[in-house]
Structure formats: structure tokens, C-alpha cells
Amino acid sequence: MFLTFFLKLKAAGVPVTLREHLALLDVMRADLVTYDVEGFYYLARATLVKDERFIDRFDRVFGDVFKGVEAVSGEAGDGVDARELPEEWLRRLAEKHLTDDERKLVESLGGFDKLMETLKQRLEEQKERHQGGSKWIGTGGTSPFGAYGYNPEGVRIGQKESRHRRAVKVWDRRDFRDLDDSIELGTRNIKVALKRLRRWVRDGAEQEFDLSGTIRATAEHGYLDVKTRPERRNAVKVLLFLDIGGSMDDHVREVEELFSAARSELKHLEFFYFHNCPYERLWQSNHRRHAEAMPTMDVLNRFGPDYRAVFVGDASMSPYEIAMPGGSVEHWNAEPGAVWLDRFTRQWPKSVWLNPVPRQHWDWTQSIAMIREAMEDRMFPMTLKGIEAATKTLSR
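Note that this is a predicted model, so its numbers are computed, not measured. By convention here, each chain's residues receive numbers from 1 onward along its written sequence. In keeping with the model being predicted, local features are shown solely for residues with a pLDDT of at least 70 and side-chain atom pairs are shown and tallied solely at 80 or more, while totals for entire chains, interfaces and linings include all residues. To get the side-chain values, take all heavy atoms of the structure and skip hydrogens and water.

Draft legend 1. Quick look at the overall build of the chain. In this description a helix means any DSSP run of H or I spanning at least four residues, a strand means any run of E spanning at least two, and both kinds are numbered starting from the N terminus. A count of helical and extended segments in the chain gives 16 helices and 14 strands. By the convention used here, residues are in contact when the closest approach between their heavy atoms is within 4.5 Å. Of all intrachain contacts in the chain linking residues separated by at least 6 positions in sequence, the fraction that spans at least 24 positions is 65%. Surface summary for the chain: the accessible area is close to 22,700 Å², and the carbon and sulfur share equals 51%. All accessible-area figures derive from a Shrake-Rupley calculation using a 1.4 Å probe, and residue coverage is judged against the displayed protein chains alone.

Next comes the structure, spelled out in C-alpha cells:
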């Protein structure tokens, strides 16, 4: 019954053999897994996949072959169990769903300063809840202020997640998750790419056997004279600045793979989080970023110009965040992001920006072009070739 599965794995380029297919049949006959789709998935993966590079292909074939195995069902003949819909689901039925032509007719207020001035005026004037309008702070309309509506430039208020990613500012406090530095899948090739950054020195206690020194000393003295030397260590020092939250949620897996590889390969590594663009505060724990953020100037003063700086982010944001004081989506920043990026690149001349957005899409986003200019065109796609090119730039 698993012959189709086996053939589709081979067609997808997963190097499975007939022996491995027969081994899977044997373990199924032994009833190691019975009526458990998740258990069968892990059993089949352990039996058929010998190289972690092919796990993604295995997952796609598994989903295609066994789709519908866990179909929704109730008691025999009942179909889907009846249940009461959450009130929140029904409330969102009033969301505004606009066609592309209708969206083009919705105009922004005409600039960041005008947007903030109008928001202040609305807060002073508004006295009650509004739904579906184009002016007041409300829900489901085309007003620049509120939730679950649409406007090309607005302030998101009272909405849990991003939908159109057009907000200039987010009124609500947001909590982000720390990146996992123990991710192993896919990090092997990234580790190889990062090896370009290695700069070997010998330091510390003499704990490594020195073969050439032992041979030389033995020949000179006429007896076995064992020599040791300090172990070679990678002396390159790297600062990793990671964009977190918002549109970066789409790229968590790739960034975690890079983060895990960097923690494994680089002995002298410090990391900090920011959101969209670095401003006057950075943090190392997203859970406590509101309570334990550190001044960016302290980081700039603490780490010397011998460090390499690597920024990781999609650079996709409102242009106001880079060009305007107060333009940050989450708080009122006294200085625009471009000023802070200039400070970073002057403090650490060897700096690069890795972007998980595919290179062919960069020209469609104004903020990406602005970040590239601020980084003096040292922006690279977060692919293996891009990481290799970035490490080559940092090694010069």
C-alpha cells in the first residue's frame, strides 16, 4: 500500500532505496505504530530519510500522499460535530473586504505629520464607538485609525495581528518571541558559508599536541621530546542585530537557522534585537524588552570597530521609520532610523545587511532601497550564496 509513497519520494529527488522501503514494511508489520498518523510520519521519516537536506521534500510528499487521513469526523454518520461559533468570529464578519480597484480609491491623509495631527484631533473629538466608516477611530472601514479595515497609511489600534502591513504606527503593545538558537535543520550549509569569517589565532593554555614541534625537538635532542601548543581559536568578533516581529514573522525559520549556525560557529558573538529599524534602544530578550531594553549608545560605546556587524531584516517598513523623527511604528523616536544606521556603519565599517526577501522583489519596496543606500549597498539576500558574499565582504 506504500508503493505510491515510495515512488513519489524518488520522483521528488529523495534518495530512498528499495531496501529502505522494505524496511518500512517490516516495521509496519511489527506493529510499531498503529492508527497513529503522527507516529507513522516519524517512523517513515526515520526509516526513509538519511540526510536532513531532504526532510522538507519528504514532508511535501507525505502531505500530498496522505492528505485527508485525518479528515474531520464525529460519531459514525454524524459528519462534523456541531459547535457554537466564537463571538469574535461573528464580529469580524463586518470587516471591510475591498477589491483592488476600491483600494485605489482610498486615499491617505498625505504624510506622517498630517496623520499624527489628525489622530490627535480625532482623540479629542470622538465620544463613541464607530464601525465601517472612513473618518473616526473604528473597525472595518477605510479610516486611517482603527482595526480590521483598510487604508494605505494609518495607525493600527486594537488589532492583534497585521493584515495588510500598511500601518505607519501600531498603537498597541506587542510581544515578540525570542529566536531559537538550537535549530539544526538546514544550518549545516550556513555553517560552511560562515567559515569564511574565521580568523585563527593561538591563545590560552597549551593543550594541543604539536606534531611538527615534537618531531623537530626530538630530532634536535636525540630523544622523544613531546611539545604542546595553545589550541587554535576563531578570533573574529561579530555583532548580530536581528529584526523581530511584524513582517519578519514570515521569515522566522530562515533567521533561526542562521542564528543557530552563528551561535555554533562564532565564539565571539553578541546579538541584539530591534524592530524594523534600529533606534535608541536594543534588547536581548523579547519577553522582557519593555523592561530591560538597553540604550543603543551603550552598545555603540561598548564594542570597538574591530567587530563585524551583521543586520538581519526584511527592511520592509514605512519610509517614515527611516527618514522621519517619530516615524517608528511602535514609539516616538527622537531621531530617524537613518541617523542610527549612520552611527552603526561609522562605528563598524565592516557591516552588512542580510535580507530574507528574495532579491528580485527588492525594487518594489521603497524602504529596502533606503536601507541599501544607508548600508552603502552592502545588502545581500539571505541565501547560501548571499551569506557567502556577505562573509567575503566582512573578511576584507
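Draft legend 2. Region of the structure containing unusual backbone geometry. The phi dihedral of N276 is positive, around 70°, even though this residue is not glycine. With respect to the helices, strands and loops of the structure, N276 is situated in the loop between β9 (268-274) and β10 (281-282). In this structure, D377 takes a positive phi of about 70° despite not being glycine. Structurally, the position occupied by D377 is in the loop between α15 (366-374) and β14 (379-381).

Draft legend 3. Looking closely at the sheet that holds strand β13 (residues 351-355). Between any two strands, pairing holds if DSSP finds at least two bridges. If you walk across this open sheet you meet the five strands as β9-β8-β12-β13-β14, and the pairing is parallel. Pairing within the sheet leaves two strands with one partner each, and these edge strands are β9 and β14. Pairs of neighbouring strands in the sheet enclose a mean axial angle of 25°, with direction left out of account. Two strands pair when backbone bridges link them, and strand β8 (residues 237-243) and strand β12 (residues 308-312) are joined in this way by five bridges, in the parallel orientation. Bridging from a neighbouring strand, L239 pairs with A309 of β12. To get an axis, a line is fitted to the C-alpha atoms, and for a helix only the part in contact is used. The angle between two axes follows their N-to-C directions and goes from 0 to 180 degrees.

Draft legend 4. Summary view of the packing of helix α3 (residues 37-48) against helix α4 (residues 55-65). In contact at an axis separation of 11 Å, α3 and α4 are set at 135° when each is read in the N-to-C sense. Relative to α4, the element α3 lies oblique. Crossing of α3 over α4 shows right-handed handedness. Contact residues: V37, F40, Y41, A44, R45 and L48 in α3; I55, F58, D59 and F62 in α4. Three classes are used, and their members are as follows: Ala, Val, Leu, Ile, Met, Phe, Trp, Tyr, Cys and Pro are nonpolar, Asp, Glu, Lys and Arg are charged, and the others, Gly among them, are polar. Taken together, the residues that form the contact of α3 with α4 break down as eight nonpolar, no polar and two charged. Any angle from 65 to 115 degrees is called roughly perpendicular, while one under 35 is roughly parallel, one over 145 is roughly antiparallel, and all others are oblique. Two helices cross in a left-handed way if the nearer one is turned anticlockwise from the farther one by less than a right angle. They cross in a right-handed way if the turn is clockwise.

Draft legend 5. Broad picture of helix α10 (residues 252-265). Under the 1.5 Å per step criterion, the end-to-end length of α10 is 20 Å for 14 residues, consistent within 8% with the ideal 20 Å. Counted residue by residue, α10 has 10 buried out of 14 residues, so it is predominantly covered. All of the buried residues in α10 are V252, V255, E256, E257, L258, F259, S260, A261, A262 and E265. Under the convention used throughout, the expected extent of a helix is 1.5 Å for every residue step, that is, one less than its residue count. Exposure classes here rest on a 1.4 Å probe applied to the protein chains alone. A residue is buried below 20% of its type maximum, exposed above 50%, and partly exposed in between.

Draft legend 6. Structural detail: the confidence of the model for the chain. Per-residue confidence from the predictor is reported as pLDDT, a score between 0 and 100. Within the chain, residue pLDDT values average 76, and 65% of them lie at 70 or more. Across residues 70-83, confidence stays below pLDDT 50; counting only partners more than four residues off in sequence or on other chains, it has seven contacts.

Draft legend 7. Region of interest: the packing of helix α1 (residues 3-11) against α4. Close contact between α1 and α4 brings their axes to 10 Å; oriented N to C, the two are set at 145°. Read as a crossing pair, α1 and α4 show a hand that is right-handed. Taken together, the residues of α4 that come into contact with α1 (itself represented by F5, K8 and L9) are F58, V61, F62, D64 and V65. Residue classes in the contact of α1 with α4 are distributed as six nonpolar, no polar and two charged.

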